[in-house]
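A look at the structure
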Amino acid sequence: MYFPPIEGLISGMFILISSFSQKYPPVKFLSEKDRKRILITGGAGFVGSHLTDKLMMDGHEVTVVDNFFTGRKRNVEHWIGHENFELINHDVVEPLYIEVDQIYHLASPASPPNYMYNPIKTLKTNTIGTLNMLGLAKRVGARLLLASTSEVYGDPEVHPQNEEYWGHVNPIGPRACYDEGKRVAETMCYAYMKQEGVEVRVARIFNTFGSRMHMNDGRVVSNFILQALQGEPLTVYGSGSQTRAFQYVSDLVNGLVSLMNSNISSPVNLVNPTLSRSQIQFLPEAQDDPRRRRPDIRKAKMMLGWEPVVPLEEGLNKTIQYFSRELEHQANNQYIPKPKAARQKKGRPRQHN
Ligand SMILES: O=c1ccn([C@@H]2O[C@H](COP(=O)(O)OP(=O)(O)O[C@H]3OC[C@@H](O)[C@H](O)[C@H]3O)[C@@H](O)[C@H]2O)c(=O)[nH]1
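Residues numbered from 1 in each chain as written. Predicted model: local features only at pLDDT ≥ 70, side-chain atom pairs only at ≥ 80, totals over all residues. Heavy atoms only, no water.

Structural notes on the overall build of the protein
The line we're drawing: Numbered from the N terminus, helices here are DSSP runs of H or I no shorter than four residues, and strands are runs of E no shorter than two. Contacts are residue-level and defined by heavy atoms, with any inter-residue pair within 4.5 Å sufficient. Exposure was quantified through the Shrake-Rupley algorithm and a 1.4 Å probe, taking into account, for residues, occlusion by the shown protein chains and nothing else.
Secondary structure assignment for the protein yields 9 helices and 13 strands. In the protein, the proportion of contacts linking residues at least 24 apart, taken out of those at least 6 apart, comes to 82%. Per element, the accessible surface of the protein, about 17,500 Å² overall, is 55% carbon and sulfur.

What follows is the structure, encoded as structure tokens:
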């Protein structure tokens, strides 16, 4: 029998170990004192997976919880097996018992076609789901950041919208499941803060785009890019005179982390205030579509020292590249996706209770 020399064995082991560690993106070392146990609900989704990347690379222990309704395993697969990472297939509508220091509560469909697809499920996720996560925060003494939305302002009658504005929401319209769901989620955060002393942070997130948006997300940026890449007409709902502000996902993620680690418990708008207008092929407007959205981000700038740094064009270029690669990948798998329209689904949806 042949026994290799011991030095050969040791160097072989080192090569093997370094090839294991190269499997993952580089991760900072944090001392026990600075390393946090962080839960990200919806962590396999578009924003959640970018947040997972940042917190992992910063050296924290990250647990991702997702029910994979709009999230995808693919978005976080590069961390699977890493000692600081855990992925749990779980729906936040059911209670969750784990030990954590911080909770980023992102779980909810976010694009209008997705949240309108099953309004009852959207309501349950934002109400019962938020209640469960606040209960968890209370039990383990964790701080919770709620991913709220500019949609709490509804179709605003005040411009620009700062955090003091109470909003203008149709409580029985097609968007209400999301808008009112997030509004009551905010209410719950402050009830838990006042009654139970839970530390809460509330980010009001405006339109965000970037890689890992789902092909069928249905929001305007992914729709337009997909349509342009497939040589199809760009669909504009209504007159095209509606306004939105867009931010690239990396800016949002930096804002979320700054807010979580700040001492600001009141709501903060997170968005790039540069305004955009859409124009081209005109379709009937979607019901209750906010006509004008113009954010005021002075609070985030002043109190967090945060402001977006990725210009719209640069962010769009990166996103277009991402979607080109996705299309290639899909074509190889013989699947040609169609952008989703923001129409209310008629009748009773089949899945997702
Ligand atoms: O193909 C399309 C898609 C959308 N649009 C229009 O583009 C505008 C933006 O629509 P999006 O679907 O991207 O998103 P909305 O601004 O309506 O909602 C978003 O707002 C803020 C976030 O918190 C939410 O995730 C999301 O609901 C709307 O006026 C919509 O009608 C089009 O003209 N064509």
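Looking at the site of the ligand
Which entries qualify depends on this criterion: The near set for a molecule or strand comprises every residue that places at least one heavy atom within 4 Å of it. Here a polar contact is recorded for every N or O atom pair within 3.5 Å, except that within protein the pair must consist of a potential hydrogen donor and a potential acceptor, and residues adjacent in sequence are included only if both atoms are side-chain atoms. Residues were grouped as follows: Ala, Val, Leu, Ile, Met, Phe, Trp, Tyr, Cys and Pro as nonpolar; Asp, Glu, Lys and Arg as charged; and all remaining residues, including Gly, as polar.
Taken together, the neighbourhood of the ligand is formed by 22 residues, with Thr149, Glu151, Thr235, Arg244 and Asp289 sitting nearest. Here an oxygen atom of the ligand and a side-chain polar atom of Asn207 are 2.9 Å apart. When the ligand sits alone it has 670 Å² of accessible area, and the protein chains cover 98% of it. Looking at the shell around the ligand residue by residue, the classes come out as 9 nonpolar, 7 polar and 6 charged.

Regarding the side chain of His50
Put simply, the rule reads: Note on exposure labels: buried denotes an accessible area under 20% of the residue type's maximum, exposed denotes more than 50%, and partly exposed covers the range between, all computed with a 1.4 Å probe on protein chains only.
The topology assignment puts His50 in helix α2 (residues 46-57). According to the relative accessible area criterion, His50 is buried, its value standing at 15%.

Overview of α2
The test is simple: Take the residue count of a helix, subtract one, and multiply by 1.5 Å to get its expected span.
Its 12 residues give α2 an end-to-end C-alpha distance of 17 Å, which sits within 8% of 16 Å, the value for a rise of 1.5 Å per residue. With 10 of 12 residues buried, α2 is to be regarded as a mostly interior element. Considered for burial, the residues of α2 that qualify are Phe46, Val47, Gly48, Ser49, His50, Leu51, Thr52, Asp53, Leu55 and Met56. Its buried side turned inward, α2 meets β1 (37-41), β2 (61-66), β3 (85-89), β4 (102-105), β7 (208-209) and α7 (249-260). Directly after α2, the chain includes Gly59, whose backbone phi takes a positive value near 100 degrees.

Describing the packing of helix α4 (residues 119-140) against helix α5 (residues 176-196)
Note the following rule: Orientation is described by axes fitted as lines to C-alpha atoms, over the contacting stretch for helices, and by angles from 0 to 180 degrees between their N-to-C directions. Between 65 and 115 degrees an angle is taken as roughly perpendicular, under 35 as roughly parallel, over 145 as roughly antiparallel, and anywhere else as oblique. Here a crossing is called left-handed whenever its near helix is offset anticlockwise from the far helix by less than a right angle, and right-handed whenever the offset is clockwise.
It is at 9 Å that the axes of α4 and α5 come closest, and there the two elements cross at 15 degrees. Taken together, the axes of α4 and α5 are roughly parallel relative to one another. Judged by the twist between their axes, the crossing of α4 over α5 is right-handed. On α5, the residues that touch Pro119, Thr122, Leu123, Asn126, Thr127, Thr130, Leu131, Leu134, Gly135 and Lys138 of α4 are Cys177, Tyr178, Gly181, Lys182, Val184, Ala185, Met188, Cys189, Tyr192 and Glu196. Residue classes in the contact of α4 with α5 are distributed as 11 nonpolar, 6 polar and 3 charged.

Comments concerning the nonpolar core
Cut-off, in case you're wondering: Buried Ala, Val, Leu, Ile, Met, Phe, Trp, Tyr and Cys residues form a nonpolar core when they are joined through side-chain atoms within 4.5 Å.
By size, the foremost hydrophobic cluster in this structure holds 52 residues, and its most contacted members are Leu51, Leu55, Tyr104, Leu256, Leu270 and Leu304. In contact with Leu304, not counting residues within four places along its chain, are Gly255, Ser258, Leu259, Ser262, Ile264, Val268, Leu270 and Lys299. Counting 24 residues, the second largest nonpolar core, distinct from the first, contains Ile103, Ala107, Met133 and Val202.

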